[in-house]
Amino acid sequence: MSSYRHRYLPMTDQDEADMLQTVGAASIDELFRDIPDAVRYRGTLPVSAQLDEPALWAHLRELAERNTDVSRCISFLGAGLYDHHIPAVIGHLISRSEFYTAYTPYQPEISQGELQAIFEFQSYICELTAMPVANASMYDGATALAEAGLLAAGAVRRKRLVVSRGVHPEARQLLATTARGIGLEIIEVDYIAANGSTNLELLEQTLNDQTAAVIIQSPNFFGCIERIADIATLAQAQGALLAVSVNPLSLGLLEPPGRLGADIVVGDAQPLGIPQSFGGPTCGFFAVAEPLMRRMPGRIVGQTVDRSGKRGFVLTLQAREQHIRREKATSNICSNQALLALCAAVYLSVMGKQGIQEAALLNARKAHFAASAAASVPGYSMPMAAPFFNEFVLRLPDKLSYAALSERLWSDGILAGYDLEQSYPELAGHMLLAVTEKRTRADIDRLLARLEEYA
Amino acid sequence: MNGNQPVSGSGGQPFIFDRSKPGRIAYSLPDCDVRELPAEQLIPAELLRTVPASLPEVYEVDVVRHYTALSRRNFGVDNGFYPLGSCTMKYNPKLNEDAAKLPGFASIHPYQPATTVQGALELLFTLQNDLAAITGMDSVTLQPAAGAHGEWTGLMIIRAYHESRGEQRTKVLVPDSSHGTNPASAAAAGYTTVTIKSDARGLVDLDALRAAAGPDTAALMLTNPNTLGLFESHIEEIAAIVHRAGGLLYYDGANANAIMGIARPGDMGFDVVHLNLHKTMSTPHGGGGPGAGPVGVKQLLEPFLPKPLIVCHPVGTYGYDDNRPHSIGRIKPFHGNFGILVRAYAYIRSYGPIGLRRVSECAVLNANYLLSRLSTAYDVPYPGLCKHEFVLSGARQKALGIRTLDMAKRLLDFGIHPPTIYFPLIVEETMMIEPTETESKETLDAFVDAMLQVAWEAEHSPETILQAPSTTVVSRLDEALAARRPILHCDCD
């Protein structure tokens, strides 16, 4: 008998004795007699020690408090993950444990809530992107982008992907890893230094009848809005597909890729009410033109009827998926980010038709105010002239390094923007700043005063 | 392609769009405290949206009632027994949820200076070590987002290893009882798969393995215990066969709940392991995600792990190791599903080494108890000991005209989530049952009572089963119709 007691474990000594008797075993150890001695582990695992609940809570709080969260500073850091307001209702609704303690809705009759929520999420993504079909979500925006590349290569039966250097550097790295897996070739196309958007002349020269897809991001990593319709025309001319990664919040203001000729639209739903959480979990979304529907990766929820004709929802088009098709599946993905798709769906329900437009416009107004004010501080400039949404590149004075500036800003409680030199060696002394609706005029003025002081 | 299809209104849950009324709002945004320039003075008019997205116009109470109503049409572990085989639907501790929501975890940015996130990095570093200890591996990456993502990561590592030795191995071996993600992940890593049949005992057929293993073998992917709930007792011989052929062994950790502190994949001869933290380490499944699928490797594969790793500097501070020239590269943005990793760490610390072992002991006793009690009423294709799960066959009931699908639907009327059905593929009319350690004897007995009643009904009252479920918000749904005439979003306008 074990003397071990734990609040999550119901087994009593009496239970153990009764159950062993039913099984016909003398001890629990006997249940493991099929494991050869040579591979039995007889020691005590060298893992972290057990803590009782009060001690565990104190320990976790102590670890958390050793991190400076964005509520304790003024964040101008974005670069793919943003400090937006999260409406209070979201946390309460996604904490309904009927949602978060369920698994993939394999039994639709007792999963109608989840299925309908995802169906509505798919509807929201179709509305935002102006695409006809969306799936139930992906791990994140970057893996969704990589899957878009795989889908295109399979659909067009070509092996070359052309990707703009304006796509998030980590997404491009991930795409490279993914492409290597199945032997696809990646060609990167540069941006125009003075503009920040993809160089269309270079792009046109790069495209040919071997190109499966053009992959861009808009607004791109520099915050710049790409000329999606022109790029779509170039792609189409070579029989290639266009995949666009978008910031979903920007679509409250910007013309959606679905109306500009995109074949695949992906992105990360993090700006839609999902906490930054050190980068994950977030939620990727994935939408396609109708001919590509049966090539989509991941789960898809569809509407149907029950035996009495009542509307209901099920997982559908499963003939694409790994549990049916095994090695011939369109993707190996077998989960989605249901809880975070729910988060985004609640956010979009809260924002509604007006709110999404107002929030997007507010982001743009504050970012444009901050950008023009920062660029007018002597020594600073905005080197990229393309239109932008809520993020922009600021060039620092020659004698001021990013490291020196960010350190001094931090000592003033300001979290600096992203150091572009990390991913673009040619952009030393360039900082990517994000200005969301949460940044007040006072926050921005404080940043401006410091920029001036350190110039 | 929209939802304009006849709907019986009674008892159905309207769409959020159906609640919309122009003029209502549920949002509250900060005032605009900068110049209120019109959009076209910020961004050229030709780039602006011409038709607004048709999102609903509702107020906050509508949102709350809608999603609360949806939640009541859903079933989770907190609602009742959920013995879904290979999914390890154990209790999701509440403290862990609270921990992940602490601002110091939920509101930090991955590009913040490492000096400002030392608590997060310490947690990740410790978790890397704890998972290495549990699996018997030397190094762990926490980056993969899910089990399938971990499989693909592990196979890319294996591929990089072989390539570093100048070898182009093309085949991955998978047992016929394996998860569907195994061959799908192998394909995504550029491999072709060879299926190894199971022997009469439900274990890997050694002769078939010997025949298949050769100079083109990159790896064998194996779940141990396997998806039948059986421990591959000749695992040492399996490892020797694969290693002699120059291949590596991949451990699919979906079934690790059976072995914590009892046997370690590293000691069995495995070179790469993934764990599903949303299974073994109790993080909630979230309705299908998010999860996390960390990957552990033996020393020889450490150079190929994805970037970056979390390291502890000699001075006791934590940081990133990005300088990894042989790495397979990046497989996930930022630092993986951090919020899930926080919960998993909290889980491990709530048990410690003795507790984790007790978890697996109880999981295995619970499974064997159910197997014993159900073995009279249902066919048991592989009699004997099971580990954390087992399979039954509904062949006996099928002969009476009742399929496993029908029995699963009948279980819904008892407030029980049915087992995994029709998997693994090698058993006729399969039911795959995994009770987990967090279920009490009373719950198991109630499940047995329900299962025995269903077996009785199959003989004496088949109509009851064929009509089931009768207590759910909808009756059986037409899945064929959904696939034949796909309706994938509502008509929002």
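Preceding block: the structure.
So, here's what we can say about the structure. The shown structure was predicted, so the numbers you read here are calculated from the model rather than taken from an experiment. (Residues numbered from 1 in each chain as written. Chains lettered and ligands numbered in written order. Predicted model: local features only at pLDDT ≥ 70, side-chain atom pairs only at ≥ 80, totals over all residues.)

## Thoughts on the overall build of chain A
- Helix and strand counts for chain A stand at 13 helices and 14 strands.
- Projecting the C-alpha coordinates of chain A onto the three principal axes gives extents of approximately 80 × 55 × 50 Å.
- Across the 455 residues that make up chain A, the buried fraction comes to 62%.
- A sequence separation of at least 24 residues applies to 71% of the contacts in chain A between residues at least 6 apart. (Helix = DSSP H or I, 4+ residues; strand = E, 2+ residues; numbered from the N terminus. Buried ≥ 20, exposed ≤ 12 C-beta atoms within 10 Å, placed from the backbone. Contact = placed C-beta atoms within 7 Å.)

## A short note on the nonpolar core
- Grouped together as the largest cluster of nonpolar side chains are 320 residues, with contacts concentrated most on A:Ala344 and B:Tyr250.
- Apart from residues no more than four positions distant in its own chain, A:Ala344 is found in contact with A:Phe121, A:Ala269, A:Leu272, A:Gly273, A:Ile274 and A:Cys283. (Core = buried A, V, L, I, M, F, W, Y, C linked by C-beta atoms within 7 Å.)

## Notes on the interface of chain A and chain B
- Listed by partner, the interface residues are 168 residues for chain A and 176 residues for chain B.
- When its residues are assigned to classes, the side of chain A that touches chain B shows 86 nonpolar, 50 polar and 32 charged. (Nonpolar A, V, L, I, M, F, W, Y, C, P; charged D, E, K, R; others polar.)

## Description of the sheet that holds strand S10 (residues 390-393) of chain B
Residue and element names in this part refer to chain B.
- Here we have three strands laid out as an open sheet, ordered S10-S12-S11, and antiparallel in their pairing. With partners counted over all chains shown, the strands left at the sheet margins are S10 and strand S11 (420-421), one partner each.
- Here S11 pairs with strand S12 (residues 430-433) via two bridges, running antiparallel. If you follow Thr420 over to S12, its bridge partner there is Met432. (Pairing = 2+ DSSP bridges.)

## Overview of the sheet that holds strand S2 (residues 133-134) of chain A
Residue and element names in this part refer to chain A.
- The strand order across the open sheet built from seven strands is S2-S8-S7-S6-S5-S3-S4, with neighbouring strands paired in mixed fashion. Of all strands in the sheet, those bounded by a partner on one side alone are S2 and strand S4 (185-189).
- Both strand S3 (residues 160-164) and S4 contribute to a ladder of five bridges, which runs parallel. Counterpart to Val162 in the pairing with S4 is Ile187.

## A look at the environment of A:Leu405
Residue and element names in this part refer to chain A.
- You can see Leu405 is positioned in helix H12 (residues 402-411).
- By C-beta crowding, Leu405 is classed as buried, having 23 other C-beta atoms within 10 Å.
- Through-space distance from the C-alpha of Leu405 to that of Ala455 is 8.9 Å; in sequence the pair is 50 residues apart.
- Apart from residues no more than four positions distant in its own chain, Leu405 is found in contact with Leu396, Leu400, Ala416 and Tyr454.

## Section: the packing of helix H11 (residues 338-374) of chain B against helix H14 (residues 441-460) of chain B
All names here are of chain B.
- Two elements in contact, H11 and H14, have axes separated by 10 Å at closest approach and are oriented at 30°. Here H14 runs roughly parallel to H11, going by the angle between their axes. Judged by the twist between their axes, the crossing of H11 over H14 is right-handed. Contacts from Asn366, Tyr369, Leu370, Arg373 and Leu374 of H11 reach H14 at Leu444, Val448 and Met451.
- A class-by-class count of the residues in the contact of H11 with H14 yields six nonpolar, one polar and one charged. (Axes fitted to C-alpha atoms, helices over the stretch in contact; angles between N-to-C directions. Parallel < 35°, antiparallel > 145°, perpendicular 65-115°, else oblique. Left-handed = near helix turned anticlockwise from the far one by under 90°.)

## Let's talk about unusual backbone geometry
- Along the chain, A:Ser218 connects to A:Pro219 via a cis peptide bond; the corresponding omega equals -10°.
- Its place among the elements puts A:Pro219 in the loop between strand S5 (211-218) and helix H9 (228-237).
- Following B:Gly289, the chain continues to B:Pro290 via a peptide bond in cis, the omega torsion being 10°.
- Here the phi dihedral of A:Ser137 falls at roughly 115°; this positive angle occurs in a residue that is not glycine.
- Here A:Ser137 lies in the loop between S2 and helix H6 (141-156).
- Of note in the backbone geometry, B:Glu429 takes a positive phi value of approximately 50° without being a glycine.
- On the basis of neighbour count, B:Glu429 is assigned to the buried category, with 21 C-beta atoms found within 10 Å.

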